Amino acid sequence: MNETIRKLMSMPQDRAPEPAEQQTAARELETQAGRAVYPKSVTPAGGKAFFLTHGPDKQLGVATLDADALQVELRPMDHENAAMLRAELPFLAPSLVGLPTSLGLGDRLGLATPGHIRAVRGTGVVPVLAQQSIREIERTGRTADEVMDAATWGVLQEGYRDGFGSDADHLKTPADVDLTAAAGFTMFTIDPGDHVNDAADRMDAEALEDGLDAVPWDQLETTRTDTEAAYADRAFDLGGFELECSGEAVARAAVKYGAAVAHAAAMSRHIASTMGERAFELEMSVDETETPTTPVEHFYVASELKRLGVEVVSVAPRFVGRFEKGVDYIGDLDELESTFRQHVAIARELGPYKLSIHSGSDKFSVYRIAAKVADGLVHVKTAGTSYLEAVRAIAVVDPGLFREILAFAFDRWDVDRATYHVSAEPAKAKRPEELTDDELPGALDQFDTRQILHVTFGSVLTDRADGGYRFRDRFYQVLRDHEEEHYDALERHLGKHADPFAVK
Ligand SMILES: [Zn+2]
C-alpha cells in the first residue's frame, strides 16, 4: 500500500497537495485504475481522493481505503458527479470575484478551461471560467448546466485552487435569470440594451420633449423635475476632474437610458429574490448599443442605479470606437484614453466598481490604456477568441478538417455576420485552396479570415449533413485527441490578454 496515497487521503481538505505527492499518488492510482491519471487532478477530500483519468472518454476516479486496501471506482463525468464535487470541494464551484482585475474566458466548446487556467495562473488576474450569454447557449446547443460543469471538470483537471468566477452574460429577461441561477451562476450581467433609446443622441428639442414624457418615471421612482434638479446644469467633482452636466446632456441621458435603468432595477430585484440567501454580484452592460456611452450618460446611469439600491460590481459602457469581434480596437486611441479616464473616475466615485470591456478579446491596444489608467478596476470579457484558438489547433493537427471548415465559413458569412459588429471583406481573405498546409494556422492571424471564422462558429458547430453533424463530432474528436496542442494555443493567446494586467 502506497504511503503517499494514505497520507494524501488523510490530509485536511483545505491544504493543497504538493505536486510531487500528486505525481507519486497518480502512478499508484494508474495501476489500480488501469488508465492514465492527470497528476494535478489528484485531490484529497475527507478520507477519499478524487482524480481524472485520461482517455478517449475521460472519467472521474474516486479512491477510498477499505481496511488497508486501496479501492478505485470510475464514474462518468456527468452533471450529477460535477454537482457532487462542487458540494464536496468548494474550489470547484464559482465564487464572487469582487473588485480584483478579472478576465472572462467564455468557453463555447466546453473543452477550454485547462488552457484558460494555464493562461492566467500566476498573473493574479481572476479567471471567470463559466461565462456564457443566453444567445451563445442557444447558438451552441448547450445548457447552462453544461457550461458550469465544464468549468468544474477543467478546474479539477488542473488542480486549480485559487478561485474562479462565473458570469451569466447578457441576461434580458427574468426567464434568463431563472435558468442560470438554477445552474449555480454567481454573477449576472443584466443587459437592458433593448430599452436604450439610441435616437436620443440626434433628437431635436421637440423630439427630446416627447422623449422626456415617455421616460417611465414611475418605475424609476422619481420625476422629471427631481431628475433635473439632481443633475442638470451642475458640475460634479470626480477626484481630479469636473464632470459638467448641461441640461441638454442630462435630458438626452434620461431619454436614452431612463427605461434601461428601470429595466435593470427590475431585473436586479428579480435576481435578488431568485437567489434568496445565495451571494451574487451584478454587472450592467449597455455595450451592444449603436452609440457610445458618454461620461455624462455613464454618470447618470450609475447614479440612478445607486439611488434605486442596485449595487454593481462592474458596468460595461459602450466605449468610443469599434470593438469588433476577434480583432484589435478600431478607432482613435487618444479619444479612447481620455474618455476611459473619465469612465474610470465615475466608476471609482460611484462604486467603486470595475469597467467591463465586452468584445474584449484581442484588444491589445486597449489593454495598454486600461492597465495604465484604471488601476486594476477592469473586467475583460472574451469568448469567441477561444473558439478561434481551437480552430487554430485543428489547422495544425488536421489540415483537411480545417480546410473544410474555412470553405464552409466563407459560404455562411453573408448570413451569419448579420448579428455581429464586424467589417471583414471575404475578398481579402485567402480561400483554403490558396493556402499551403504550413500557412493554415497563420491564416487565423489575418483580420478578414479571423472574423469570417469568428461569426460562423454556431453554424460550424450545429450544421447537419447526411443525417448527422457536418463538423461537430469531428471537431470535438480532434480536440480531444490533441488536447495539449489545444491548451497550448489557448495558453499562448489568452496569456497575452492576462499579462498586461498581471499584479506585480
Ligand atoms: Zn457584451
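What counts, and where the lines are drawn
Throughout this document, residue positions are counted from 1 along each chain, in the order its sequence is written. Thresholds applied to this predicted model are a pLDDT of at least 70 for local features of residues and 80 or more for the giving and counting of side-chain atom pairs; totals over whole chains, interfaces and linings are not thresholded and use all residues. Here a helix means four or more residues in a row that DSSP labels H or I, a strand means two or more in a row labelled E, and each is numbered from the N terminus. Within these notes, the globule rule equals 2.2 Å times the number of residues to the 0.38 power, and the radius of gyration is based on C-alpha atoms. Exposure classes come from backbone-placed C-beta atoms, where a residue is buried if 20 or more other C-beta atoms lie within 10 Å of its own, exposed if 12 or fewer do, and partly exposed in between. Two residues qualify as a contact pair if the distance between their C-beta atoms, derived from the backbone, is within 7 Å. The pairing criterion is simple: DSSP has to find at least two bridges between the two strands. To define axes, lines are fitted to C-alpha atoms, for helices over the stretch in contact only, and angles between the resulting N-to-C directions are given on a 0 to 180 degree scale. Comment on the angle field: the value is read as roughly parallel under 35 degrees, roughly antiparallel over 145, roughly perpendicular from 65 to 115, and oblique elsewhere. Under the convention adopted here, Pro, Cys and the residues Ala, Val, Leu, Ile, Met, Phe, Trp and Tyr are nonpolar, Asp, Glu, Lys and Arg are charged, and Gly plus all remaining residues are polar. Directions are taken from the helix axis to each C-beta atom, and the arc is the one they span. Each domain span listed reflects an automatic or database assignment of domains. Throughout, a crossing is termed right-handed when the near helix is turned clockwise from the far one, and left-handed when it is turned anticlockwise from it by less than a right angle. For the handedness criterion, the strands are oriented away from the viewer, and a crossover whose path from the first strand over the helix to the second runs clockwise is classed as right-handed.

A. Molecular detail of the overall build of the chain. Helix and strand counts for the chain come out as 20 helices and 16 strands. Computed over C-alpha atoms, the radius of gyration of the chain comes to 24 Å, within 12% of the 23 Å expected from 2.2 N^0.38 for 504 residues, which places it in the range of a compact globule. Overall size of the chain, expressed as C-alpha extent along the three principal axes, is 80 × 55 × 45 Å. For the chain, with 504 residues in total, the buried portion stands at 48%. A separation of at least 24 residues holds for 69% of the contacts in the chain among residues at least 6 apart in sequence.

B. Up close: the environment of Phe447. Tracing the backbone through its elements, the reader meets Phe447 in helix H17 (residues 447-455). Residue classification places Phe447 among the partly exposed residues on the basis of 18 C-beta atoms within 10 Å. Spatially, the C-alpha atom of Phe447 lies 21 Å from that of Gly106, the residues being 341 residues apart in sequence. In contact with Phe447, other than residues within four places in its own chain, are Val327 and Ala424.

C. Structural detail: the pairing of strand E2 (residues 48-53). Most of E2 is tucked away: 5 of the 6 residues are buried. Sheet topology places strand E1 (residues 43-45) next to E2; 3 bridges connect them, and they run antiparallel. Each bridged residue has a counterpart across the sheet, and for Pro44 the counterpart in E2 is Ala49. Hairpin connection from E1 to E2: 2 residues lie between these consecutive antiparallel strands, with Gly46 at a positive phi of about 50 degrees. Where E2 and strand E3 (residues 59-66) come together, 6 bridges link them in antiparallel fashion. Bridged to Thr53 within E3 is Gln59. Connecting E2 to the next strand, E3, in antiparallel fashion are 5 residues, including Gly55 with a positive phi near 130 degrees.

D. Quick peek at the packing of helix H15 (residues 399-416) against H17. Packing of H15 against H17 brings their axes to within 8 Å, and their N-to-C directions diverge by 75 degrees. One element, H15, and the other, H17, form an angle in the roughly perpendicular class. Each of Leu406, Ala409, Phe410, Trp413 and Asp416 in H15 lies in contact with H17, whose residues at this interface are Ile452, Leu453 and Val455. Residues that form the contact of H15 with H17 fall into these classes: 7 nonpolar, no polar and 1 charged.

E. Local environment of helix H19 (residues 472-481). For H19, the set of buried residues is Phe475, Val478 and Leu479. The buried side chains of H19 occupy one side of the element, clustering within an arc of 95 degrees when seen end-on. For H19, the exposed residues set more than 90 degrees away from the buried face come down to Asp473 and Asp481. In this fold, the buried residues of H19 make contact with helix H14 (384-397), H15, helix H18 (457-462) and helix H20 (483-498).

F. The arrangement of the domain arrangement of the chain in detail. Looking at the chain, the domain boundaries give domain 1 (3-76) and domain 2 (396-494). Relative placement of domain 1 and domain 2: their C-alpha centres are 38 Å apart.

G. The arrangement of the sheet that holds strand E13 (residues 354-357) in detail. On the basis of which strands lie adjacent, the closed barrel formed by 8 strands has the order E5-E6-E7-E8-E11-E12-E13-E14 and parallel pairing. Taken over all neighbouring pairs, the strand axes of this sheet differ in orientation by 25 degrees on average, direction set aside. The pairing of strand E11 (residues 281-285) with strand E12 (residues 314-316) spans 3 bridges and is classified as parallel. Each residue of the ladder has a partner; that of Met284, found in E12, is Val315. Together, strand E7 (165-171) and strand E8 (187-190) form the strand contacts of helix H7 (residues 174-182), whose direction differs from that of E7 by roughly 160 degrees.

H. View of the sheet that holds E1. Read from one edge of the open sheet, 4 strands run E1-E2-E3-E4, paired in antiparallel fashion. Every interior strand has two partners, whereas the edge strands, E1 and strand E4 (69-75), have only one. Along the sheet, successive strands turn relative to each other by an average axial angle of 30 degrees, direction set aside. Strands E2, E3 and E4 of the sheet are contacted by helix H2 (residues 19-33), whose axis makes an angle of about 70 degrees with E4.

I. Spatial organisation of the packing of helix H4 (residues 113-120) against H20. Contact pair H4 / H20: the axes reach a minimum separation of 7 Å and the direction vectors enclose 40 degrees. The pairing of H4 with H20 is recorded here as oblique in orientation. Taken as a pair, H4 and H20 cross one another with a handedness that is right-handed. Note on element contacts: H20 touches H4 through His486, Tyr487, Leu490, Glu491, Leu494, Gly495 and Ala498, opposite Pro114, Gly115, His116, Arg118, Ala119 and Val120. Its residues assigned to classes, the contact of H4 with H20 comprises 7 nonpolar, 4 polar and 2 charged.

J. Expanded view of unusual backbone geometry. Looking along the chain, the bond that leaves Gly351 and enters Pro352 is cis, with omega of 5 degrees. Positive phi outside glycine occurs at Asp233, with the angle close to 55 degrees. As for its position among the elements, Asp233 is in the loop between helix H9 (224-231) and strand E9 (234-237). By the C-beta count within 10 Å, which is 13 here, Asp233 ends up partly exposed. Unlike most non-glycine residues, Asp362 shows phi in positive territory, near 65 degrees. Examined against the element boundaries, Asp362 turns out to sit in the loop between E13 and helix H13 (364-373).

K. Region of interest: the pairing of E13. Along E13, one buried face is formed by Lys354 and Ser356 and the opposite face, lined by Leu355 and Ile357, is buried too. Inspection of the sheet shows E12 paired to E13 by 2 bridges, in the parallel sense. Considered in E13, the bridge of Ser314 is made with Lys354. Each parallel crossover has a hand, and the one from E12 via helix H12 (residues 333-350) to E13 is right-handed. Where E13 meets strand E14 (residues 378-382), 3 bridges bridge the pair, whose relative direction is parallel. Looking at E14, one finds that Ile357 is bridged to Val380. A crossover links E13 with its parallel partner E14, the connecting element being H13, and its sense is right-handed.

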